[in-house]
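Each chain, letter by letter, is given below.
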Amino acid sequence: AIDGRYGIIPDSLVVALAVGGLLQTFLPGQAELLQRGFEAMLFFAAAFLFRAAYRWVRGHDGLGFGDVKFATAGVLWIGIEGVPELLLVAVLSALASLVILKVEGYDLNGKQAISFGPHLAIGLWLTWIAGPLQFGF
C-alpha cells in the first residue's frame, strides 16, 4: 500500500519480509537456509541485471530498485522455483489494473510510473499460499 500511495517500498519492510522468510526456513519440510540464501542472491543478480539492461536500452527505469529488493526477499519465502508464478501473477495483476485505469479514462503512456510493489505482494502471497506451479513435462 505504501508503494501504491508514495511510490516507495521502505527498506524496513523489505528487511522484515526477508527476516520472516529466513525464519520460516526453520519450519519442518522447508528448504535449507543456505539454499534459500543462494537462490535469493541469484535472483537479485538476475533482477539487477534486467533492471540495468532495461535502463540502458530504453533510457529510463522500468523497474524500481525497491521492487528488486522486495522480490528478492520474497524468494526467501517461496524459493527460486516459485519465481515464475510470482512474476506471472504480478504482471497479470498489473495489466488488470492498467485496463481498469484506461477504462476509467486515465491517459496512460509508456513512461508513466506505475507502482509494481502491490502486484508483487499479491503474486508473492498467492505463490506462498498455493505453492509453485507444477508442470507435467
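Below is a short write-up of the structure. A quick note: this is a predicted structure, and the numbers were derived from the prediction, not measured.

With that settled, the discussion passes to the packing of helix α3 (residues 33-58) against helix α4 (residues 65-78). Remark: α3 packs on α4, axes separated minimally by 9 Å, with the N-to-C direction vectors making an angle of 155 degrees. The angle between the axes of α3 and α4 places the two elements in the roughly antiparallel class. Crossing handedness for the pair α3 and α4: right-handed. Contact with α3, carried on its side by R36, G37, E39, A40, F43, F44, A47, F48 and R51, involves F65, V68, A71, T72, V75, L76, W77 and I78 of α4 and no other residues of that element. A breakdown of the residues in the contact of α3 with α4 according to their chemical character gives twelve nonpolar, two polar and three charged.

Applying the stated rule across the entire model yields four aromatic pairs. Measuring from centroid to centroid gives 6.0 Å for F44 and F48, while their planes differ by 25 degrees, and the two rings are stacked. Here F44 pairs with F48, and both are found in helix α3, just four residues apart, close to one helical turn. F44 sits in the partly exposed class, given a relative accessible area of 30%. Where F48 meets F65, the ring centres are 6.2 Å apart and the plane angle is 80 degrees; that geometry is what we call edge-to-face. Of this pair, F48 sits in helix α3 while F65 is found in helix α4, placing the two residues 17 residues apart along the sequence. Judged by relative accessible area, which is 38%, F48 ranks as partly exposed. A network of ring pairs unites the aromatic residues F44, F48 and F65 as a single cluster.

Here we take up helix α2 (residues 11-24). Relative to the 20 Å expected for 14 residues at 1.5 Å per residue, α2 spans 20 Å between its end C-alpha atoms, a close match to the ideal helical length. In this fold, the buried residues of α2 make contact with α3, α4 and α6 (117-130).

Take the nonpolar core next. Counting 23 residues, the largest nonpolar core has L17, F43, F70, F116 and L124 as its most contacted members. Looking at this core, the elements with two or more residues in it are α2, α3, α4, α5 (83-103) and α6. In terms of residues, this core owes the most to one element, α4, which gives eight residues. The residues contacting F43, other than those within four sequence positions of it, are V68, A71, T72, V75, I80 and V83.

Our next topic: a nonpolar patch on the surface. A surface patch of nonpolar side chains, about 550 Å² in accessible area, is lined by V15, V19, L22, L23, F26 and L33. For the nonpolar patch, the leading source of residues is α2, giving four residues. Of note, V19 is situated in helix α2. Residue class for V19 comes out partly exposed when judged on its relative accessible area of 42%.

Conventions adopted
- Along each chain, the written sequence defines residue order, and numbers are assigned to residues from 1.
- Owing to the predicted nature of the model, reporting of local features is limited to residues with pLDDT of at least 70; listing and counting of side-chain atom pairs is limited to 80 or more, with chain, interface and lining totals taken over all residues.
- In computing side-chain values, all of the structure's heavy atoms are included and hydrogens and water are not.
- Only the stretch in contact is used when fitting a helix axis, every axis being a line fitted to C-alpha atoms; angles between N-to-C directions are given from 0 to 180 degrees.
- Numbering of helices and strands runs from the N terminus, with a helix taken as a DSSP run of H or I at least four residues long and a strand as a DSSP run of E at least two residues long.
- An angle below 35 degrees is treated as roughly parallel, one above 145 as roughly antiparallel, one from 65 to 115 as roughly perpendicular, and anything else as oblique.
- In this scheme the handedness of a crossing depends on how the near helix is turned from the far one: anticlockwise by less than a right angle means left-handed, clockwise means right-handed.
- By the convention used here, residues are in contact when the closest approach between their heavy atoms is within 4.5 Å.
- Any residue outside Ala, Val, Leu, Ile, Met, Phe, Trp, Tyr, Cys, Pro, Asp, Glu, Lys and Arg is labelled polar, Gly included; the first ten of those are nonpolar and the last four are charged.
- When two rings of Phe, Tyr or Trp (its six-membered ring) have centres within 6.5 Å they constitute a pair, described as stacked for plane angles under 30 degrees, edge-to-face for angles over 60, and tilted for the intermediate range.
- Per-residue accessibility, obtained with a 1.4 Å probe over protein chains only, is compared with the maximum for each type, and a residue is labelled buried under 20%, exposed over 50%, and partly exposed between these values.
- Multiply 1.5 Å by the residue count of a helix minus one, and that product is the helix's expected span.
- For this analysis, a nonpolar core means a set of buried residues of the types Ala, Val, Leu, Ile, Met, Phe, Trp, Tyr and Cys, connected via side-chain atoms within 4.5 Å.
- Patch rule: a residue counts if its relative accessible area is over 30% and it has no salt bridge; like charges are joined within 9 Å, and nonpolar side chains (Val, Leu, Ile, Met, Phe, Trp, Tyr) within 5 Å.
- Computed with a 1.4 Å probe, the accessible areas rest on the Shrake-Rupley method; for each residue, only the protein chains presented here act as cover.
- In what follows, salt bridge is the name for a side-chain nitrogen of Lys or Arg lying within 4 Å of a carboxyl oxygen of Asp or Glu.

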